[in-house]
Amino acid sequence: AMLQSQQYWLPVLHQPVFCKEFIVSAKAQTKLIAHCEGEQKHQIEEFKKATSVQMLIGPEGDFTPFEIELALANGFTPVTLGATRLRAETAGVVAASLLCI
């Protein structure tokens, strides 16, 4: 697919881990969290020039308030993927696409 679409960026996908474990061990230059709570968020496109990004995409039903607070306390920046609420399996693909464009 990368050859066909003439793309040169392949996101690295890892095995699933528990949310808390991921949050406290994240070491990327840019750490982002997409959640559905009403706080002020950045547009994800603001971070497309970042060289190292770790992205938290919420599960169906969103993150718990504790998970959101833990992420913010560990340097994650809240972002929006747009005006439409996306399914969890779609949101990761959308986020990768928006960071790549």
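Residues numbered from 1 in each chain as written. Predicted model: local features only at pLDDT ≥ 70, side-chain atom pairs only at ≥ 80, totals over all residues. Heavy atoms only, no water.

K.L.:
Just checking my understanding: could you explain the layout of surface pockets for this structure?
P.N.:
Any empty space left between the atoms is revealed when a probe the size of a water molecule rolls over them. Within this model, the largest pocket holds a volume of roughly 1,300 Å³. In this structure, the largest pocket is lined by 33 residues; those nearest its centre are V12, L13, V53, Q54 and M55. Class assignment of the residues belonging to the lining of the largest pocket gives a composition of 24 nonpolar, 7 polar and 2 charged. Along the walls of the second largest pocket sit 22 residues, with H35, C36, R85, L86 and A91 positioned nearest its centre. If you list the elements that add at least two residues to the lining of the second largest pocket, you get β4 (77–80) and α4 (88–100). (1 Å grid on protein atoms, 1.4 Å probe; cavity = no way out; pocket = protein on both sides within 12 Å on 5 of 7 lines; lining within 4 Å. Points joined across faces, edges and corners; volume = space filled by probe spheres on them. Nonpolar A, V, L, I, M, F, W, Y, C, P; charged D, E, K, R; others polar. Helix = DSSP H or I, 4+ residues; strand = E, 2+ residues; numbered from the N terminus.)

K.L.:
Looking at this structure, I do not really get α4. What am I missing?
P.N.:
Given a rise of 1.5 Å per residue, 13 residues ought to cover 18 Å, and the 19 Å separating the end C-alpha atoms of α4 matches this to within 8%. Those residues of α4 that sit buried are A91, A95, L98 and L99. Seen end-on, α4 carries its buried residues on one side only, within an arc spanning 95°. Those residues of α4 that are exposed and angled more than 90 degrees off the buried face are E89 and V93. Next to the buried residues of α4 lie β1 (30–34) and β3 (53–57). (Expected span 1.5 Å × (residues − 1). Buried < 20%, exposed > 50% of the residue type's maximum accessible area, 1.4 Å probe, protein only. Arc of directions from axis to C-beta. Contact = heavy atoms within 4.5 Å.)

K.L.:
I tried to follow the packing of aromatic side chains on my own but got confused; where do I start?
P.N.:
Remark: the centre distance and the inter-plane angle together describe each pair of aromatic rings, the angle taken between the planes. A complete count under the given rule lists 1 aromatic pair for this structure. Residues F22 and F76 carry aromatic rings whose centres are separated by 6.2 Å and whose planes lie at 50° to one another, so their mutual orientation is tilted. On the criterion of sequence distance, the pair formed by F22 in helix α2 (residues 19–25) and F76 in the loop between α3 (65–73) and β4 is long-range, its members being 54 residues apart. Classification of F76 as buried rests on a relative accessible area of 4%. (Phe/Tyr/Trp six-rings, centres within 6.5 Å; stacked < 30°, edge-to-face > 60°.)

K.L.:
Quick question: what am I supposed to make of the environment of V24 here?
P.N.:
For V24, the position within the fold is in helix α2. The class for V24 is partly exposed, based on a relative accessible area of 48%. Taking the C-alpha atoms as reference points, V24 and L70, 46 residues apart in sequence, are found 8.2 Å from one another.

K.L.:
Even after reading the chapter, I still don't get the pairing of β4, so can you show me in this structure?
P.N.:
It is a general feature of regular strands that their side chains alternate between the two faces of the sheet. With 3 bridges connecting them, β1 and β4 associate as parallel partners. Paired with L32 across the two strands is T77, which belongs to β4. (Pairing = 2+ DSSP bridges.)

K.L.:
So what exactly am I meant to see when it comes to the sheet that holds strand β2 (residues 42–43) here?
P.N.:
Strand pairing in a sheet is mediated by backbone hydrogen bonds. Such pairs are either parallel or antiparallel. Reading across from one edge, β2-β4-β1-β3 is the order of the 4 strands in this open sheet, with parallel pairing throughout. The open sheet is flanked by β2 and β3, the only strands paired with a single partner. Where β1 meets β3, 5 bridges bridge the pair, whose relative direction is parallel. Across the sheet, T30 pairs through a bridge with V53, a residue of β3. Strand contacts of α4: β1 and β3, with the helix running at about 155° to β3, the strand carrying the most contacts. (Axes fitted to C-alpha atoms, helices over the stretch in contact; angles between N-to-C directions.)

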